[in-house]
Amino acid sequence: MSRFLAALVAATLVAGTALAQGAAAPAVHPGTRLSFAPAVGGAQFQRSVGIQQGRNITYSYFYSINRMQLSISIFDGGRRIPSGSDHPMVISQFSNEIAQVEQQAKFVGQGNVERPSVPSTCTYGGVSFRCIVYSAKDDSDRLFGKMLLTGFRDSFVRIRIDWSQKAGQSAAEADRALQSFVPALMR
């Protein structure tokens, strides 16, 4: 993993753990009943964390696949989240998630995140997500990420895959990884 990508992942964890102490997340998420096994759709489990902020708990699970990093976060913000990707609550949360990615990039010294002005809709294994591909450049590499968000069993499910141009990875390779991983996870 590149220095920039490692710093971005660390910034994500620091932002949450600064607000509350984190502990390992359960192997089966209690609300969505999604199971986070040691291997899912070709991806290998790395770690998990549960972060409580007031009454809200965010569970995050981290996997790797072909030198790409996958992160899955499940949260509800203290309310019931409608299923699917086109509800106003999901659209609003997606905008918040994009803003957080840009803040995290600035935190690790990269202020120029490039992304399309309008997100799209992606479907993996019959589940529809709001999605966007973005990139940022550090001193020696262009780093990419694809973020997915949907409402699923009363919670938000955010999936993000990060990859590096320098490592020879591509958007097509990331999409193949998501095509294997997401249906295996969200069955």
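Residues numbered from 1 in each chain as written. Predicted model: local features only at pLDDT ≥ 70, side-chain atom pairs only at ≥ 80, totals over all residues. Heavy atoms only, no water.

Caption draft 1: Examining the overall build of the protein chain more closely. When helices and strands are counted, the protein chain shows three helices and nine strands. Of the regular secondary structure in the protein chain, the N- to C-terminal order runs α-β-β-β-β-β-α-β-β-β-β-α. Here the protein chain holds 187 residues, and the buried ones make up 46% of them. Restricting the contact set of the protein chain to residue pairs at least 6 apart, pairs at least 24 apart contribute 55%. (Helix = DSSP H or I, 4+ residues; strand = E, 2+ residues; numbered from the N terminus. Buried < 20%, exposed > 50% of the residue type's maximum accessible area, 1.4 Å probe, protein only. Contact = heavy atoms within 4.5 Å.)

Caption draft 2: Representation of the environment of Asp 154 in the model. Examined against the element boundaries, Asp 154 turns out to sit in the loop between strand S8 (142-152) and strand S9 (155-164). Overall, Asp 154 belongs to the partly exposed group, its relative accessible area being 34%. Sequence separation between Asp 154 and Asp 76 is 78 residues, and the spatial gap between their C-alpha atoms is 7.2 Å. Apart from the residues within four sequence positions on either side, Asp 154 is in contact with Asp 76, Arg 79, Arg 80 and Ile 81.

Caption draft 3: Examining the pairing of strand S5 (residues 68-75) more closely. A large share of S5 lies buried, amounting to eight of its eight residues. Side chains Met 68, Leu 70, Ile 72 and Ile 74 project from S5 onto one buried face, and the interleaved Gln 69, Ser 71, Ser 73 and Phe 75 project onto a second face that is buried too. Relative to S5, strand S4 (residues 56-65) is paired through seven bridges, and the arrangement is antiparallel. Opposite Tyr 63, over in S5, you have Leu 70 as the bridge partner. Hairpin connection from S4 to S5: two residues lie between these consecutive antiparallel strands, with Asn 66 at a positive phi of about 50 degrees. (Pairing = 2+ DSSP bridges.)

Caption draft 4: Expanded view of the confidence of the model for the protein chain. Averaged over every residue, the pLDDT of the protein chain is 87; the share at 70 or more is 87%. With pLDDT under 50 throughout, residues 1-5 is counted as low confidence; its partners more than four residues away or in other chains account for 15 contacts. Between residues 11-20, whose pLDDT stays under 50, and residues either more than four places distant or in other chains, the model counts 14 contacts. (pLDDT = per-residue confidence, 0-100.)

Caption draft 5: Highlighting helix H2 (residues 88-107). Helix length check: H2, at 20 residues, gives a terminal C-alpha distance of 29 Å against a target of 28 Å (1.5 Å per residue), a fit within 8%. Of all the positions in H2, only Val 90, Gln 93, Phe 94, Glu 97, Ile 98, Val 101, Gln 104 and Ala 105 are classed as buried. All buried residues of H2 lie within an arc of 150 degrees about the axis, which places them on one face of the element. In H2, those exposed residues whose orientation departs by more than 90 degrees from the buried face are Pro 88, Gln 103, Lys 106 and Phe 107. (Expected span 1.5 Å × (residues − 1). Arc of directions from axis to C-beta.)

Caption draft 6: Region of the structure containing the environment of Trp 163. Examined against the element boundaries, Trp 163 turns out to sit in strand S9. Taking the C-alpha atoms as reference, Trp 163 lies 5.3 Å from Phe 144; in sequence the two are 19 residues apart. Those residues within four positions of Trp 163 in sequence are excluded, and the remaining contacts are Met 68, Val 133, Arg 142, Leu 143, Phe 144, Gly 145, Lys 146, Gln 169, Ser 170, Ala 171 and Ala 174.

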